[in-house]
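# Structural overview for review
Here's the letter readout for the chains.
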Amino acid sequence: MRKKIQRWLVRALGALLLGGGLAIGAFVLWIGPLPDPGALRQQGPAPGVRILDRHGRLLYEITHPHQGRHTWISLPQIPRPCIAATLATEDARFYAHPGVDPIAILRALWVNLREEQAITGASTIPQQIARALLLHPDERAERTLRRKAREALLALELSRRYGKNELLEIYLNTVFYGHFAYGLEAAALTYFGKHAAELDLAECALLAGLPQSPSRYDPLTQPQAAEERRRQVLHLMVRHGFLSPEEAQIAAAERLRFSSAPFPIHAPHFVMAVREALVERFGEETMFAEGLVVTTTLDLAWNEAITEILRRHLEEINRPRPDRPGAGARNGAVVVIQPSTGEVLAMVGSPDYFNATIQGAVDGARIPRQPGSALKPFTYALAFDPRNGPRLTPASLLWDLPQTFITAEGESYQPINYDRRYHGPVSARVALASSLNVPAVAVLEQVGVPRLVGLLAELGVRLPGPPARYGLALTLGGGEVRLLDLTAAYATLANNGRRVTPILIREVRDRRGRLRYAASPEPGPQVLDPRVVFLITDILKDPTARALGFGSWSPLNLSRPAAVKTGTSSDWRDNWTIGYTPDWVVGVWIGNVDQTPLREVSGVTGAAPIWHTVMELLHRGLPARDFPIPEGVHQVTVCALSGKLPTPDCPQTREEWFIEGTEPEELDDLYRRLRIDRRTGGLAGPEAPPEAVEERVFVMWPPFAWKWAQENGFPMPPLEAYEGIEGAAALRWVSPSMGVIYRRVLHLAPEAQQLLVELHWTGPGLPRRVRVEIDGAPWMEWTRPPYRAWWMLAPGSHRFTAFAQLADGQIIEALPLPIEVR
């Protein structure tokens, strides 16, 4: 019995050993031969990536990261905050694990699932070194269990063979931080223009957050994302005991200034964008392994000339004069696109890439900024489109008067014009060309904010955040866009409504000359109706229509037909001019990277002269071309003020373009011939003698325009002339604004602190009476316009209600209006 047991045990042990050996053998075969960890720093020569302009001039040669232009620094030379920030972000238990950290893997999985984004990584620093320096380029891109297993075995061997400090030094000298910066020393010089030893805590935190996604957190093109990432790194440093909360708070409040140490490069912002595109298309390792030669779309001669134009104009407007201070504009950017192909022939991101005082390394062509009125053409394009129902034509009458709009949140919104004046009745043509704000908001209220957000997305203009965050102020620049994207959207207008996607690269060949990529510009999707595009273009090129807003002589006028639009953000931080001909599209932005407001400079005085000079340069030697007229549009004679068909009483007519089917069919009803009794100034009755009667033509101002007409000296028709006029009845608040909090001044007398209460009426004739109640109690009643009075401020929350009673007894009620007085 004992022998049988022994034989069974021997057989079982043999089977176990054989199975284990087979398993180990299978594992070894599955893993395959591993690279020699001793070759960690022995990188063989590899060709660089040559980036050329469209004519073959060298812009920059990107050398291989592990043998190129980067300086190795020892661990003692690296600031302790940079080491701590790196460890907290990449491998907090670096000194405690043997190369692979199961706890970090589980923690990272939990954090990333909870936050729904990559907040912290699971790979240890030895694993990252093994992947970046030892695995074959093809294997690095794999997402397989075998690659992770090989990476883990190599990490264990690296940790055994090298000391922790040596591995950390290797990592900090080879990791990629973006913008050609491999290693901390290169990153410090690239982003801050200083050596790594000079970095402070806030700067270290920003750099430590870059390696996980250098393009997503790029502070030179994605400043908001970079700032959020820096705060995440500081939070991780507090969590892992590297910082106190107070130290993290001080570091988070520090405003960083970006610059770059000079190195030989042409068109640096453009080259950075090309590098990102190459990495996205080919991958970083393939890019170097094949020694790519990249021919771009850039014309270096033009790019350098435009950089000089930008620099000279900023110097000019910043020079103080006796009649005005300097503009205080340190930054600017210019983009040139060929609309027929989408090729970017110039992209200047700042007047001086290496100027630390202006943070010139920040790319003004690709950072999000508020566009001011530069989005208005797309609002009007939606309103002009007959597929959406004929809401508007260039002849349509709009009212540039004080108006209160109710937002989706139920709050009031009162836009004002750039010149802080109101211009009364204007055509849609004049309203857009002269960039009037109140009509633009009224038009957007008709077409709807979601449709404008959707159109911008179709044009390639990316707005940050969810669409629901945007309101009626979007058409005035209440959102952030990139100059490159917005210039491409205008290129869509120049391309008859077909979307234009910016192209930076014409072709890519490997070092043997084999073609690896060639751009094939194809017509983009038809985003806008060509007839609508023609209307928008005809308005934007009309110097007469924009004279109200910009005068007859301005930098917006070229030696040839050109459509152009300016934009100035409400806080004076951003200044835009974007315009086009059939040949070229040019976008210009000026402002300050640190968000400092400009002084006494607008789109027409700041960015427009740059746009004008660049456009004249680009068109030198080219024949002047006008925009083609598409089928389906024609001109109709209209009454200039109302936009309707003229009557004998209309004193001024003009020719206007219409899409077929949207022409006016109604006769003008704004001008009206009345019989006036000279003795009374009222309507002449049948008893009035003929010698006392004269006929006069009046503008039948709607009641909401009476105040403006009287203030601007226009004769008013007698009130009885309004009886029987038809129209939609509406009672709207002019003042106060909904939801506003008013504060009393304690040292002023109560009677000196009053609030204007005013209403506008539109409808059939005039109401018999208009009544206002405050908190349910009667307050004021009028039997004729104007419907306004002053109310003494009283502390507390108040509810204003207003009612109009018509001649037939019908009651029209305005929306309730809540305010608060403190």
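Residues numbered from 1 in each chain as written. Predicted model: local features only at pLDDT ≥ 70, side-chain atom pairs only at ≥ 80, totals over all residues. Heavy atoms only, no water.

Once that is clear, we can look at the overall build of the protein. Across its full length, the protein carries 23 helices and 27 strands. Out of the 822 residues belonging to the protein, those deemed buried represent 53%. Restricting the contact set of the protein to residue pairs at least 6 apart, pairs at least 24 apart contribute 68%. On the protein, roughly 37100 Å² of surface is accessible, and the fraction owed to carbon and sulfur atoms is 54%. (Helix = DSSP H or I, 4+ residues; strand = E, 2+ residues; numbered from the N terminus. Buried < 20%, exposed > 50% of the residue type's maximum accessible area, 1.4 Å probe, protein only. Contact = heavy atoms within 4.5 Å. Areas by Shrake-Rupley, 256 points an atom, 1.4 Å probe, with all protein chains shown as cover.)

This part is about the sheet that holds strand 21 (residues 754-762). Reading across the sheet, the 3 strands line up as 19-21-24 and stay open at both edges, with antiparallel pairing between neighbours. Every other strand in the sheet has two partners, leaving strand 19 (730-735) and strand 24 (787-792) as the edge strands with one partner each. Across this sheet, the average inter-strand angle for adjacent strands is 25°, counted without regard to direction. Examined bridge by bridge, strand 21 and strand 24 share 6 bridges and lie antiparallel to one another. From the neighbouring strand, E758 faces strand 24, where its bridge partner is R788. (Pairing = 2+ DSSP bridges. Axes fitted to C-alpha atoms, helices over the stretch in contact; angles between N-to-C directions.)

Further remarks concern the state of the cysteines. According to the stated counting rule, one finds 2 disulfides in the structure shown. C82 shares a disulfide with C204; S-S distance 2.0 Å. The chirality of the disulfide connecting C82 with C204 is left-handed, given an S-S dihedral of about -70°. Linking C82 in helix 2 (residues 80-90) with C204 in helix 9 (residues 201-208), this pair joins segments that are 122 residues apart in sequence. What pairs with C639 in a disulfide is C650, and their sulfur atoms sit 2.1 Å apart. What sets the handedness of the C639 and C650 disulfide is the S-S torsion sign, and at about 100° it is right-handed. Of this pair, C639 sits in strand 15 (residues 633-639) while C650 is found in the loop between strand 15 and strand 16 (653-659), placing the two residues 11 residues apart along the sequence. With respect to burial, C639 and C650 carry one shared label: buried. (Disulfide = S-S within 2.5 Å.)

Now for the nonpolar core. In terms of nonpolar packing, the biggest core is built from 159 residues, with Y177, L207, F378, Y380 and L486 touching the most fellow members. A total of 9 residues in this core trace back to one element, the largest contributor, which is helix 19 (residues 483-494). Beyond its immediate chain neighbours, meaning those up to four positions away, Y380 contacts L392, L398, A428, A431, L432, P439, A440, V443 and I536. Residues V348, L558, V586 and A607 belong to the second largest nonpolar core, which totals 32 residues. (Core = buried A, V, L, I, M, F, W, Y, C linked by side-chain atoms within 4.5 Å.)

Glancing now at the pattern of salt bridges. All chains considered together, the criterion is met by 42 salt bridges. Residue E308 is joined to R311 by a salt bridge in which the shortest nitrogen-to-oxygen separation is 2.7 Å. Here R311 and E308 lie together in helix 14 (residues 300-318), a separation of 3 residues that amounts to about one turn. Its relative accessible area of 33% is what places E308 among the partly exposed residues. Between R696 and E694 there is a salt bridge; the shortest N-O distance is 2.5 Å. (Salt bridge = Lys/Arg side-chain N within 4 Å of Asp/Glu carboxyl O.)

Per-residue pLDDT for the protein has a mean of 87; in total, 87% of the residues score no lower than 70. Confidence drops under pLDDT 50 across residues 19-25; counting only partners more than four residues distant or on other chains, this segment forms 0 contacts. pLDDT under 50 marks residues 116-121. Its contacts with residues more than four places away, or in other chains, come to 20 contacts. (pLDDT = per-residue confidence, 0-100.)

Moving on: the environment of K148. Here K148 shows up in helix 6 (residues 145-161). Taking the C-alpha atoms as reference points, K148 and S123, 25 residues apart in sequence, are found 9.5 Å from one another.

We now examine the sheet that holds strand 14 (residues 585-591). Read across the open sheet, the 5 strands follow the order 5-4-14-13-12; overall the sheet is antiparallel. If you trace the sheet from one side to the other, it starts and ends with strand 5 (344-348) and strand 12 (563-568), each paired once. Each adjacent strand pair in this sheet contributes to an overall mean axis angle of 5°, direction not counted. The sheet contact formed by strand 13 (residues 574-580) and strand 14 spans 7 bridges and is antiparallel. Residue pairing across strands places G579 opposite V586, the latter belonging to strand 14.

Below, the discussion takes up the packing of helix 10 (residues 223-239) against helix 11 (residues 245-253). Between two packed helices, both the angle of their axes relative to each other and the distance between the axes serve to describe the pair. At a minimum axis separation of 9 Å, helix 10 and helix 11 run at an interaxial angle of 165°. In terms of orientation, helix 10 and helix 11 fall into the roughly antiparallel class. Of the two possible hands of crossing, helix 10 and helix 11 adopt the one that is right-handed. Between helix 10 and helix 11, the residues in contact are E227, R230, R231, L234 and V238 and P245, A248, A251 and A252, respectively. (Parallel < 35°, antiparallel > 145°, perpendicular 65-115°, else oblique. Left-handed = near helix turned anticlockwise from the far one by under 90°.)

Turning next to helix 11. Within the sequence span of helix 11, burial applies to A248, A251 and A252. Within helix 11, the buried residues cover an arc of 100° as seen down the axis, which keeps them to one side. More than 90 degrees from the buried face of helix 11, the exposed residues found are E246, Q249, I250 and A253. (Arc of directions from axis to C-beta.)

Moving on, we come to the side chain of E203. Structurally, E203 is set in helix 9. Owing to a relative accessible area of 7%, E203 belongs among the buried residues under this scheme. In terms of polar contacts, E203 uses its side chain to reach the side chain of K194, at 3.0 Å. Leaving out residues up to four positions away in the same chain, E203 has contacts with F192, K194, E198 and L256. (Polar contact = N/O pair within 3.5 Å; in protein donor to acceptor, adjacent residues only side chain to side chain.)

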